Amino acid sequence: MVSEPQQLRACPSSWSVPGSRDLSTCRRCGLFILPELLKAVEAEPENDVLAELLASLARCVELLGAGCLGEPGMEETVKILDKTMTEHYKRQEEDYDEGVEEQLEDEDDEDVYILSKVGDVVHAVFSQYKETWLPQFERLSPSSPSCWSPPGPGQTSSGVSAYSTT
């Protein structure tokens, strides 16, 4: 499932070839892939695979542009992002004994990486949907308000930034 954006990325290079398929064919291919990608992201239990699927989702949205998610896809995207962030914050609140410190550090590194991919998805959707994404984004904000605000003086980012300039 991770290779789909590469398949879509190959489409633009073929547009200039005489007799090649046009943009609408590539868009139809992407629109076929996207619902299955959303299902895979929702069902994925492994953090390393989840991070790659989120990166694929972000890239698909960037390549396919505004309107690619449709209403059901937008709802599913919000659900996925909310679930991912909620799970992260629940893990942060858990109380652990000192014997598992190294394991917790590894899990924290995974969480930060996953949250960076959540940020990539948010950035991709914002870059394509612009202000029409705001109502859905605001639905995410209550579950993790500190995640979306820029870090203050002396604070470090938690991995997601809606204020990215890239």
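Numbering of residues begins from 1 in every chain and follows the order in which that chain's sequence is written. Predicted model: local features are reported for residues with pLDDT of at least 70 only, side-chain atom pairs are reported and counted for 80 or more only, and whole-chain, interface and lining totals are derived from all residues. Note: side-chain values were computed over all heavy atoms of the structure, leaving out hydrogens and water.

Let's talk about the overall build of the chain
Across its full length, the chain holds seven helices and zero strands. Every helix listed is a DSSP run of H or I at least four residues long, and every strand listed is a run of E at least two residues long, numbered separately from the N terminus. If you list the helices and strands of the chain from N to C, you get α-α-α-α-α-α-α. Only protein chains enter the accessibility calculation, which uses a 1.4 Å probe; a residue whose area is less than 20% of its type maximum is buried, one above 50% is exposed, and one in between is partly exposed. Burial status across the chain gives 32% buried among its 166 residues. Look at the contacts in the chain between residues 6 or more apart in sequence, and 72% of them connect residues 24 or more apart. Throughout, the Shrake-Rupley method with a 1.4 Å probe supplies accessible areas, and for residues the shown protein chains are the sole cover considered. Here the chain displays about 9,700 Å² of accessible surface, and carbon together with sulfur accounts for 54% of that area. Should any heavy atoms of two residues lie within 4.5 Å, those residues are counted as being in contact.

Considerations on the confidence of the model for the chain
Each residue gets a pLDDT score, which is the predictor's confidence in that residue and runs from 0 to 100. The predicted model of the chain has a mean per-residue pLDDT of 76, with 67% of residues at 70 or higher. In the model of the chain, helix H7 (residues 145-148) stands out as the element of lowest mean pLDDT, 50, in contrast to helix H3 (residues 47-64), which has the highest, 92. Low confidence marks residues 14-21, where pLDDT is under 50. Its contacts with residues over four positions away, or in another chain, come to six contacts. Across residues 155-166, where pLDDT falls below 50, the model places 22 contacts with residues more than four positions away in sequence or in other chains.

Focus: unusual backbone geometry
Here Lys-130, not a glycine, exhibits a phi torsion of approximately 55 degrees, which is positive. Relative to the assigned elements, Lys-130 resides in the loop between helix H5 (101-129) and helix H6 (134-140). For Lys-130, a relative accessible area of 48% puts it in the partly exposed group.

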